[in-house]
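Overview (structure and organization)
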Amino acid sequence: MYLTKEEEKMLDSDNETLRKCMEILVAVGETNDAERLVEITSAHISGVSYDNIGEAGLEWLESLEGKVKVPATVNPAGMDLKKWMEMGISEDFYEKQMRVLRVFEKLGVELALTCTPYYLSRPKYGEHIAWAESSAIVYANSIIGARTNRECGPCALAAAIVGKTPYYGLHVKENRAPTITVKIKGDLAAAGYIGGEELKNEIPYFVFDREVPEYELKLLGAALAASGNTAMFHAEGITPEWKDFEKPSEKIEIVGELRTECEPDLITIGCPHTSKEELELILKLLKGRKVRKEFWIFTSRKISGESSDLVEKLESLGVKVFNDTCMVVSPATQRFECIMVNSGKAFNYLPLMRKVEVTFGDLKTCVEKAVKG
Ligand code: F3S
């Protein structure tokens, strides 16, 4: 892989962190036949919950010295930084999680603690970025038209410190062409969960039979990326690059329908984190009715701060709104037996990560379940 003089110097730097970061980028680049590095405008780092990274991850992070070169944000932590006690998080976990966050702060990373960094600061069309967090990657590539590969957590951190990432894969326009046409019927999050495996290594070109709001596209992408490895899709008439390539001739159909049985003792929304529009929609669907079941919503502190009136109204109806974390990365949800979600990604990960049963419903069904008990 071609390196500029300045990049070669970084690879030889006395600063161990900078040297290691360059080594990571060069290794990834060479494995993927990247011709060079490309400058990025932002990085988003995953692997933040202490529950996910454990002691080894924490030690590695604490060994780092340096500062990020581009605006960088982080994924959700294992708890709400303010309401961690209300979530049932132990003091020991709190302390360890805070150590993780202090490292990121020292490195100059913004503690956004969200998987929807695009609601905070939206990259521009065509910009090169280095994002980890599979749901945000698919959103950035597909819905915004920014360019990122599926970066691993340490790779995104290395890219943030160097300010560059290897130029290959989805950074190159011709690699962004759709490979299969997919007609989707029914629930999009469920369709993403069902289709993930079949659409592995594909860039689907979706055709819908109805108008689709932005949040449903977000749920579709997140589910596809979780049950498969999708990093990008096109949606006819919607996403910014849908007209740039030929429509693939191979066609399949997916029906988004998930049947599940358990009776939920917790209902959660916010995987990926909710937008202000989703908070509004939930409030509208509640129609002033109080919830009878535990009903938790996850979002970023920034979104809930900007929507404080909505959050107040939701809380007055018995809904709990948590920031900085989510139902999957926080150990707080593992004390429940059956969790209801409207997210194909959470449906995929909750049984694996929290050893709970899951049941699925669209947003309206989740709200009705919370109200009617
Ligand atoms: Fe976000 Fe957690 Fe889902 S990090 S995408 S809410 S698993």
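The structure presented is a predicted model; accordingly, all values stated were derived computationally and were not measured.

Examining the overall build of the protein
Looking only at helices and strands, the protein features 13 helices and 14 strands. In terms of overall dimensions, the protein is globule-like: its C-alpha atoms have a radius of gyration of 21 Å, near the 21 Å expected for 373 residues. Referenced to the eigenvectors of the C-alpha coordinate spread, the extents of the protein come out at roughly 65 × 55 × 35 Å. Split into buried and exposed, the 373 residues of the protein put 60% on the buried side. For the protein, the proportion of contacts with a sequence separation of at least 24, taken over those separated by at least 6, is 75%. When the accessible surface of the protein is totalled, it reaches about 15800 Å², and 48% of it is carbon and sulfur. Measuring between centres, the 47 positive side-chain charges of the protein sit 4 Å from its 58 negative side-chain charges.

Quick look at the site of the ligand
Taken together, Pro76, Cys115, Glu133, Ser135, Gly270, Cys271, Pro272, Cys326, Val328 and Lys345 make up the full set of residues near the ligand. A breakdown of the residues in the shell around the ligand according to their chemical character gives 6 nonpolar, 2 polar and 2 charged. Split by domain, the residues of the shell around the ligand number at least three in each of domain 1 (5–171) and domain 3 (266–372).

Observations regarding the pattern of salt bridges
Taken as a whole, this structure holds 25 salt bridges when the rule is applied. Close ionic contact of Glu241 with Lys173 constitutes a salt bridge, the shortest N to O distance being 2.9 Å. Separated by 68 residues along the polypeptide, Glu241 in the loop between β8 (234–235) and β9 (251–256) and Lys173 in the loop between β5 (164–166) and β6 (180–186) bring together distant segments of the chain. We classify Glu241 as buried; its relative accessible area is 2%. Under the relative-accessibility criterion, Lys173 is labelled partly exposed at 27%. For Glu263, the salt bridge identified is with Lys369, shortest N-O distance 3.2 Å. With Glu263 in the loop between β9 and β10 (266–269) and Lys369 in helix α13 (residues 363–372), this residue pair connects regions lying 106 residues apart in the sequence. For Lys369, a relative accessible area of 22% corresponds to the partly exposed category. Where salt bridges share partners, they join Lys173, Arg176, Glu241 and Asp244 into one cluster.

Points about unusual backbone geometry
Most peptide bonds take the trans form, and the phi angle of most residues other than glycine is negative. Put simply, Cys271 and Pro272 share a cis peptide bond, and its omega is -10 degrees. Position of Pro272 among the secondary structure elements: in the loop between β10 and α9 (276–286). Backbone geometry places Lys355, a non-glycine residue, at a positive phi of 55 degrees. By secondary structure assignment, the location of Lys355 is in the loop between α12 (344–354) and β14 (357–360). Classification of Lys355 as exposed rests on a relative accessible area of 67%.

Overview of the domain arrangement of the protein
When the parts of a complex come together, some accessible area is lost, and that lost area is often used as the size of the interface. When cut into domains, the protein gives domain 1 (5–171), domain 2 (177–256) and domain 3 (266–372). Between domain 1 and domain 2, the C-alpha centre-to-centre distance is 26 Å. Across the boundary between the two partners, domain 1 contributes 16 residues, which contact 17 residues of domain 2. With both sides pooled, the region where domain 1 packs onto domain 2 buries about 1300 Å², and carbon together with sulfur makes up 62% of that total. Counting across the interface, domain 1 meets domain 2 through 0 salt bridges. Viewed at the interface, domain 2 and domain 1 are joined by 8 residue pairs in polar contact (both at pLDDT 80 or more).

Quick notes on the sheet that holds β10
Strand order in the open sheet formed by 5 strands is β12-β11-β10-β13-β14, with parallel pairing between adjacent strands. Only two strands of the sheet have a single partner each, and these edge strands are β12 (320–323) and β14. Between one strand and the next, the sheet's axes are offset by a mean angle of 30 degrees, whatever the strand orientation. Running at roughly 165 degrees to β14, α12 makes contact with β13 (338–341) and β14 of the sheet.

Thresholds, definitions, all that
Residues numbered from 1 in each chain as written. Predicted model: local features only at pLDDT ≥ 70, side-chain atom pairs only at ≥ 80, totals over all residues. Heavy atoms only, no water. Helix = DSSP H or I, 4+ residues; strand = E, 2+ residues; numbered from the N terminus. Rg over C-alpha atoms; globule rule 2.2 N^0.38 Å. Buried < 20%, exposed > 50% of the residue type's maximum accessible area, 1.4 Å probe, protein only. Contact = heavy atoms within 4.5 Å. Areas by Shrake-Rupley, 256 points an atom, 1.4 Å probe, with all protein chains shown as cover. Lys, Arg positive; Asp, Glu negative; His and termini not counted. Charge placed at Lys NZ, Arg CZ, Asp CG, Glu CD. Near = heavy atom within 4 Å. Nonpolar A, V, L, I, M, F, W, Y, C, P; charged D, E, K, R; others polar. Domains from an automatic or database assignment. Salt bridge = Lys/Arg side-chain N within 4 Å of Asp/Glu carboxyl O. Buried area = accessible area lost by both parts, 1.4 Å probe. Polar contact = N/O pair within 3.5 Å; in protein donor to acceptor, adjacent residues only side chain to side chain. Pairing = 2+ DSSP bridges. Axes fitted to C-alpha atoms, helices over the stretch in contact; angles between N-to-C directions.

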